[in-house]
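Read off the chains here:
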Amino acid sequence: MDGGRATADATSGRMVFEPILEEGVFRFDCSGNDRDAALPSISFVDPKARETPITVHKVPEYIPMFQRVYGQQMVKIQFPSGSSFYGTGEVSGQLERTGKRIFTWNTDAWGFGPGTTSLYQSHPWVLALLPDGKALGVLADTTWRCEVDLREDSMIKFMAMGVYPVARTFREKHIPCDVIWMDIDYMDGFRCFTFDKERFLDPKSMVNDLHAIGFKAIWMLDPGIKHEKGYSVYDSGSQSDVWILKADGKPFVGEVWPGPCVFPDFTQEKARFWWANLVRNFMSNGVNGIWNDMNEPAVFKSVTKTMPESNIHRGDTELGGCQNHTHYHNVYGMLMARSTYEGMKIASGTKRPFVLTRAGFIGSQRYAATWTGDNLSNWEHLHMSISMVLQLGLSGQPLSGPDIGGFAGNATPKLFGRWMAVGALFPFCRGHSEAGTIDHEPWSFGEEVMVSGGLDARLAYADPQDSRLRAVENSFLLGPLLICASTVPEQCSHELSHVLPNGIWLRFDFGDSHPDLPTFYLQGGSIIPTGPPLQHVGEAKPTDEISLIIALDKDGKAEGVLFEDDGDGYEYTQGNYLLTYYVAELHSSVLKVKVSKTEGSWKKPKRALHAHILLGGGAMINARGVDGEELQITMPPESEVSNLVAASENQYQMLLEKAKCIPDVDKLSGQKGIELSKTPVELKSGDWDLKVVPWIGGRIISMTHLPSGTQWLHSRVEIDGYEEYSGTEYRSAGCSEEYIVVERNLEQSGEEESLCLEGDIGGGLILRRQISIPEDDPKVIQIDSRIIAQNVGAGSGGFSRLVCLRVHPTFTLLHPTEVLVVFNSIDGSKHEIGPESGEQSFEGNLLPNGEWMLVDKCAGLSLVNRFNLSQVKKCMVHWGSGTANLELWSEERPVSKDSPLRFCHEYEVKQNL
């Protein structure tokens, strides 16, 4: 086995062999062609020795067997029972390796333990000691990642991955998947149109392996082109003069992933043509699709998160001509997608280009699908994903969807399972998570997730006159199919109060009822065709059995359609397709199901037909026939229908009760018996709606002013938002500790809405935070924070280490260039601080005189922060990309039980004068 690759001579069998080096040494290959295709040996002193057979008459006593499954090459060697194994190079654990498994993949394994499977070196070598005392060695001469598995009785098994391991696992676990997405890590230093020379040495070969098991490969391209002479893309773009310019006429350089970058001016035809030709050449690597990211365009180290509005685009006359960036900002992403689409079409005019874009504009659907960007792994974003996809569809962008499970942060099993269950019904469905998060493949969350594992319109459109339906956000229509999903952790879909439109709606499932799966209802009068389960769309065949799910209306009728074409290309525009109209009609007690008409030049293939007639309560009767021929079904009498419905309801309840629900392991037990959770606690009263996460950092992640609809603070659960530190160092203790809820008062119980959290910051200290919306002043958020010596040792005199209470809120700027920090100092001086001023701090007589405010001139609103001047030693302003920090610092000193550090401060929104 070499390089994990093999030719397609056979999928399994005995390996062929030839003697090399000396008597008793044999080389094994899957076939003669594989021997010829093998890469040179690096392990042999003389690589030619491995390629040169010798003449001996001895044959090997043990001949390996090989197997190719989903692009993976496996070699098995069976020895007599009682054999022992040693070797496998630098490995931790016991000397005898029998029953162990390792992976040859050199790894920085600091602090490794006895079960670590990959260390710093790779030695795919096993020494076998047989029961009779004889010994022999086996070498898998491959530099590729290889699994050495010695867990089966007296068997050595080598597995070398010729296919991306994630892709192989999807197939092995029979989880349907069509695409592997390549993020920017495939590039050489994040340079577009390049490949990392170590990890993607032969991308075309890798893509061919993916194609062999039914996967497409889609690769990312960003607009930022590294500003680097000698980089061919930069050099050709400079020569063609395609870059966006600054107001002084020089190319704009902004920092993105590769570092300093220039940006193509897609408003010019010559720039679009230049980009399209780069895409055309890029497609020769076996690229099946391209996704355009960062194309708002995003720019790092900028308060506005984009390029200056004074930048110049030399646009085509039909687009508006030469204009500044203000004019073209919102269409930049669409024009990039258009250029990518045109390049793909040039590369293969007979195939339909697939482009995915993050940024877009009205009309983007002509060129690209879209996803909803860098969402978060939380229940709020799961809930929002349904309405976001619906709103995009209503706005003319039908092919859209979120990153399933969330891009930023770590999903829990329950969250991921619920999201995958409903996400599979979105027009566009993929999983994608940022670097540094836990694995988000379905099997990463346990068997329960794998077991449970295009939106047409809002539910309101089922009956526009029914006002009950207008605010429903967890249900939607897929044609005549109504999907009701739970997007909250506390309730399963069957526990929700489903709001159904008027008329007949019949519940059904596919024999997979589960509390974490959505509930399906089919509208009376409808037929929906389905096919057999597939691992990927390439498995579909015209002769596959067709199933019709039928829900009769009050008149005993139903109808539906099925469209079929090649799945790619444009021949459907020439009539090369099949559109079948199915009808069902009840005559007395006989239901007739037939094809009423067809359209298109395709002939209907010979295939089986399976009809499922819904009776209500999940009950159905089944009948089989031939597609295209009339199927007559005798319907049961009413009494029998009632029995079937009752039996089905009972079975449904039994399945739900026996089902193993997906766990939400995110929840931990706190010191005082109160749960820690990533699920936010909501404080909603008066003018404010706050979301506080009783978890790491205990941070406020959302601060929404209800009268103005302004969200002053919005963050992830792991970082930013409103957090507090216990030292002068950035992100010192306080922002990364576990917090627990120690007290909760609800407004409806007659008290103010409040929440008290505590976090253990070490050394006998706790950081306690009380967040309140007072009943007598509901326009205000009050925060009372303290560092308290709870259990400081007597040896220190009852005093703690030096601590400093530091409030660090990261406020979201809706209009970054139109925001100022304004205050009057103790000495009477007035200050207006803008984003261009960078970081500034104020102490002594320059301290704000008890209040300062974040002023949004565009919104006409100010967020006022009032504080107790005697408690504040320093104030600091820091501007980030679209954010601002207004920090309060206490003095730095030890604390005791009698002398805590304390801040009492509050926030209020006011209209600008």
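Residues numbered from 1 in each chain as written. Predicted model: local features only at pLDDT ≥ 70, side-chain atom pairs only at ≥ 80, totals over all residues. Heavy atoms only, no water.

In the nomenclature of an unreviewed UniProt entry, the protein corresponds to Alpha-glucosidase 2 from the organism Cocos nucifera. In its Sequence similarities (unreviewed entry) section, UniProt records this for the protein: "Belongs to the glycosyl hydrolase 31 family." (UniProt positions renumbered as here; feature names shortened; annotations may be inferred.)

Considering the sheet that holds strand 48 (residues 780-789)
If you walk across this open sheet you meet the nine strands as 45-46-47-48-57-54-53-50-51, and the pairing is antiparallel. What marks the edges here is a single partner per strand, and that holds for strand 45 (739-745) and strand 51 (830-833). Averaged over all pairs of adjacent strands, the angle between strand axes in this sheet comes to 20 degrees, irrespective of strand direction. Pairing geometry for strand 53 (residues 851-856) and strand 54 (residues 861-867), over six bridges, is antiparallel. Bridging across to strand 54, Val855 finds its partner in Ser862. (Pairing = 2+ DSSP bridges. Helix = DSSP H or I, 4+ residues; strand = E, 2+ residues; numbered from the N terminus. Axes fitted to C-alpha atoms, helices over the stretch in contact; angles between N-to-C directions.)

Thoughts on the packing of helix 6 (residues 269-282) against helix 8 (residues 332-347)
Interhelical geometry of helix 6 versus helix 8 gives an angle of 50 degrees and a closest axis separation of 7 Å. As judged from the angle between their axes, helix 6 and helix 8 are oblique. Seen along the crossing, helix 6 lies across helix 8 with a hand that is right-handed. Contacts between helix 6 and helix 8 pair Arg272, Trp275, Ala276, Val279 and Arg280 from the former with Leu335, Met336, Arg338, Ser339, Thr340, Glu342, Gly343, Met344, Ile346 and Ala347 from the latter. Across the contact of helix 6 with helix 8, the residue classes tally to eight nonpolar, three polar and four charged. (Parallel < 35°, antiparallel > 145°, perpendicular 65-115°, else oblique. Left-handed = near helix turned anticlockwise from the far one by under 90°. Contact = heavy atoms within 4.5 Å. Nonpolar A, V, L, I, M, F, W, Y, C, P; charged D, E, K, R; others polar.)

Some words on the environment of Thr317
When you line up the elements, Thr317 lands in the loop between strand 18 (312-314) and strand 19 (322-324). Residues Thr317 and Thr267, spaced 50 residues apart in sequence, show a C-alpha to C-alpha distance of 9.5 Å.

Some words on the state of the cysteines
Scanning the model with the defined rule gives zero disulfides in all. Cys484 carries a free sulfur, and the closest cysteine sulfur to it, the one in Cys492, is 14 Å from it. Free of any disulfide, Cys875 has its nearest cysteine sulfur in Cys804, 12 Å distant. The class of Cys875 is buried, set by a relative accessible area of 0%. (Disulfide = S-S within 2.5 Å. Buried < 20%, exposed > 50% of the residue type's maximum accessible area, 1.4 Å probe, protein only.)

So, the UniProt feature "domain: DUF5110" (unreviewed entry) in the protein
The positions UniProt marks with the feature "domain: DUF5110" (unreviewed entry) are residues 546-610. A helix fraction of 0% and a strand fraction of 57% characterise residues 546-610, whose end C-alpha atoms lie 6 Å from each other.

Here we look at helix 3 (residues 165-172)
Burial analysis of helix 3 places six of its eight residues in the buried class, the great majority of the element. Downstream of helix 3 by one or two residues, His174 has phi in the positive range, about 55 degrees.

Some points on the sheet that holds strand 20 (residues 355-357)
Strands sit in the order 12-13-17-20-21-22 across an open sheet of six strands; the sheet is parallel. Both edges of this open sheet fall to strand 12 (179-182) and strand 22 (400-401), since each of them pairs with a single strand only. For strand 21 (residues 369-371) and strand 22, the ladder comprises two bridges, and the chain directions are parallel. By the bridge assignment, Thr370 is partnered in strand 22 with Ser400. Contacts from helix 4 (residues 203-212) reach strand 12 and strand 13 (216-221) within the one sheet, and its direction differs from that of strand 13 by about 140 degrees.

Notes on unusual backbone geometry
In this model, Glu296 is joined to Pro297 through a cis peptide bond whose omega is 5 degrees. Here Pro297 lies in the loop between strand 17 (289-292) and strand 18. Of note in this structure, Leu21 is not a glycine but carries a positive phi near 65 degrees. Inspection of the secondary structure puts Leu21 in the loop between strand 2 (16-19) and strand 3 (26-29).

Some details on the environment of Met384
Assignment of secondary structure puts Met384 in helix 9 (residues 379-394). For the pair formed by Met384 and Pro402, sequence separation is 18 residues and the distance between their alpha carbons is 9.6 Å.

A short note on the side chain of His381
Here His381 shows up in helix 9. Those residues in contact with His381 that lie beyond four places of it in its chain are Asn375, Leu376, Trp419 and His714.

Quick look at the packing of aromatic side chains
On inspection of all chains with the given rule, the structure shows 39 aromatic pairs. Measuring from ring centre to ring centre gives 4.8 Å for Phe170 and Trp443, while their planes differ by 75 degrees; the resulting arrangement is edge-to-face. Linking Phe170 in helix 3 with Trp443 in the loop between strand 24 (430-431) and helix 11 (447-451), this pair joins segments that are 273 residues apart in sequence. Look at Phe170 and you get buried, because its relative accessible area is 10%. Seen from the ring of Trp371, Arg430 lies directly overhead, with NZ or CZ sitting 4.9 Å from the centre. Across from the ring centre of Tyr581, 4.6 Å away, lies the NZ or CZ of Lys597, which sits over that ring. (Phe/Tyr/Trp six-rings, centres within 6.5 Å; stacked < 30°, edge-to-face > 60°. Lys NZ or Arg CZ within 6 Å of the ring centre and 35° of its normal.)

Details of the pattern of salt bridges
Under the defined criterion, the tally for this structure stands at 52 salt bridges. Arg358 is the salt-bridge partner of Glu296, the closest N and O atoms lying 2.7 Å from each other. Of this pair, Glu296 sits in the loop between strand 17 and strand 18 while Arg358 sits in the loop between strand 20 and strand 21, placing them 62 residues apart in sequence. On the accessibility criterion, Glu296 (25% relative accessible area) is partly exposed. It is possible to trace a salt-bridge network through shared partners that takes in Glu18, Arg27, Asp29, Arg35, Arg50, Glu51 and Asp141. (Salt bridge = Lys/Arg side-chain N within 4 Å of Asp/Glu carboxyl O.)

A short note on helix 5 (residues 232-240)
Those residues of helix 5 lying buried are Val233, Tyr234 and Gly237. Axial view of helix 5: buried residues confined to an arc of 95 degrees, hence all on one face. Counted as exposed and oriented over 90 degrees from the buried face of helix 5: Ser232 and Gln239. On its buried face, helix 5 is in contact with strand 14 (225-226), strand 16 (259-262) and helix 6. (Arc of directions from axis to C-beta.)

Side note on the pairing of strand 48
Side-chain direction in a regular strand flips from residue to residue, so the side chains alternate between the two faces of the sheet. Most of strand 48 is tucked away, with eight of its ten residues classed as buried. The hairpin formed by strand 47 (residues 765-773) and strand 48 contains six residues between the paired strands. With eight bridges connecting them, strand 48 and strand 57 (residues 901-911) associate as antiparallel partners. Counted as the bridge partner of Arg786 is Arg902 from strand 57.

Things to note about the packing of helix 9 against helix 10 (residues 413-423)
Where helix 9 contacts helix 10, the axes come no closer than 10 Å and their chain directions differ by 5 degrees. In this view, helix 9 runs roughly parallel relative to helix 10, as classed from their interaxial angle. Contacts between helix 9 and helix 10 involve Trp379, His381, Leu382, Ser385 and Ile386 from the former and Lys414, Leu415, Arg418, Trp419 and Val422 from the latter.

Quick word on a nonpolar patch on the surface
On the surface, a cluster of nonpolar side chains totalling about 250 Å² of accessible area is made up of Trp125, Leu127 and Leu139. In this structure, Trp125 sits in strand 8 (residues 125-129). (Patch = residues over 30% accessible without salt bridge, like charges linked within 9 Å, V, L, I, M, F, W, Y side chains within 5 Å. Areas by Shrake-Rupley, 256 points an atom, 1.4 Å probe, with all protein chains shown as cover.)

Considering the confidence of the model for the protein
Detailed conclusions should not be drawn from predicted coordinates in areas where pLDDT is low. Per-residue confidence for the protein gives a mean pLDDT of 88; residues scoring 70 or more make up 94%. Of the regions scoring below 50 in pLDDT, residues 1-9 engages in 40 contacts with residues more than four places distant in sequence or in other chains. Under a pLDDT of 50 for its full length, residues 666-676 has, in the predicted model, 30 contacts with residues more than four places off or in other chains. (pLDDT = per-residue confidence, 0-100.)

What about the environment of Glu309?
With respect to the helices and strands, Glu309 occurs in the loop between strand 17 and strand 18. Each C-alpha atom of the pair Glu309 and Thr326 lies 5.0 Å from the other, and the pair is 17 residues apart in sequence. Aside from chain neighbours lying at most four places away, what touches Glu309 is Asn324, His325 and Thr326. Polar side-chain contacts of Glu309 include one of 2.8 Å to the side chain of Thr326. (Polar contact = N/O pair within 3.5 Å; in protein donor to acceptor, adjacent residues only side chain to side chain.)

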